[in-house]
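# Summary of the model geometry
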Amino acid sequence: MTKARRTKGALPRWLQHRRLIVVEATLAAGLVEEWAQNWMLRQSTIPWWARTLAVMAMFLGLLALVVALIRNAARQGAATVTQVAGLTFIPRLVVHVALLALLFYGYARSFGLWRW
């Protein structure tokens, strides 16, 4: 028996479409969690212990969300992004770069690091 050989694409494995979707989904979930935690921590009418429990629950919820996103993104996201990119004649890599740049901007603004 011989092992089936996989053909290598032009891009390295870490730049493959499905892996980029998983990275983008994970970063988006982290950014949403950051915004939600910041909002929760600013609520002065809620007792400190309730805010602490809420932030802990958000973190656990984020982990569950990331696992769910990874499962679904690899299946459905690849097909959806491929269809959209096919309709607009935009290469998939350009779409991924744009999404990662938008996430970069979101993180920089969230942490007060954006200088422009």
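Look a little higher up for the structure.
Attention here is on the structure that accompanies the text. Bear in mind that the values here come from a model prediction, so they are computed numbers and not experimental data.

Reading the values: rules and limits
- Sequence order sets the numbering: in each chain, residues are counted from 1 along the sequence as written.
- For a predicted model such as this one, the threshold for reporting local features is a pLDDT of at least 70, and the threshold for listing and counting side-chain atom pairs is 80 or more; totals across whole chains, interfaces and linings nevertheless cover every residue.
- Only hydrogens and water are set aside when side-chain values are computed; all heavy atoms of the structure are taken into account.
- Counting from the N terminus, the helices are DSSP H or I runs at least four residues long and the strands are E runs at least two residues long.
- When a residue's accessible area, from a 1.4 Å probe over protein chains only, is under 20% of the maximum for its type it is buried; when over 50% it is exposed; and in between it is partly exposed.
- It only takes one pair of heavy atoms within 4.5 Å for two residues to be counted as in contact.
- We get accessible surface area from the Shrake-Rupley algorithm with a probe of 1.4 Å; when it comes to residues, only the shown protein chains can shield them.
- In a helix, the anticipated span is given by 1.5 Å times the number of residues less one.
- Only four residue types enter the tally: Lys and Arg on the positive side, Asp and Glu on the negative side; His and the chain ends are excluded.
- Any Lys or Arg side-chain nitrogen located within 4 Å of an Asp or Glu carboxyl oxygen qualifies as a salt bridge.

Another point: the overall build of the protein. What the protein contains, in helices and strands, is three helices and zero strands. Taken from N to C terminus, the helices and strands of the protein fall in the order α-α-α. Counting all 116 residues of the protein, 24% fall into the buried class. Taking the intrachain contacts of the protein between residues at least 6 apart in sequence as the baseline, contacts between residues at least 24 apart amount to 68%. For the protein, the accessible area works out to roughly 9200 Å², and carbon and sulfur atoms hold 69% of it.

All right, on to helix 3 (residues 92-110) then. Count 3.6 residues to each turn of an α-helix, and residues three or four apart come out pointing the same way. Over its 19 residues, helix 3 extends 27 Å from the first C-alpha to the last, a length consistent with the 27 Å expected when each residue adds 1.5 Å. Among all positions of helix 3, only His 96, Leu 103, Gly 106, Ala 108 and Ser 110 are buried. Buried residues in helix 3 make contact with helix 1 (17-41). Remark: Gly 112 follows helix 3 within two positions and exhibits a positive phi of approximately 70°.

Right, let's get into the side chain of Glu 24. Locating Glu 24 in the fold gives a position in helix 1. With a relative accessible area of 8%, Glu 24 lands in the buried category. Residues contacting Glu 24, with those up to four places away along its chain left out, are His 96, Leu 99, Leu 100 and Leu 103.

To continue, consider the side chain of Glu 34. Inspection of the secondary structure puts Glu 34 in helix 1. It turns out Glu 34 is buried and unbridged, and the closest side chain with the opposite charge, Arg 42, is 8.3 Å from it. Ignoring anything within four residues of it in the chain, the contact list for Glu 34 reads Ser 110 and Phe 111.

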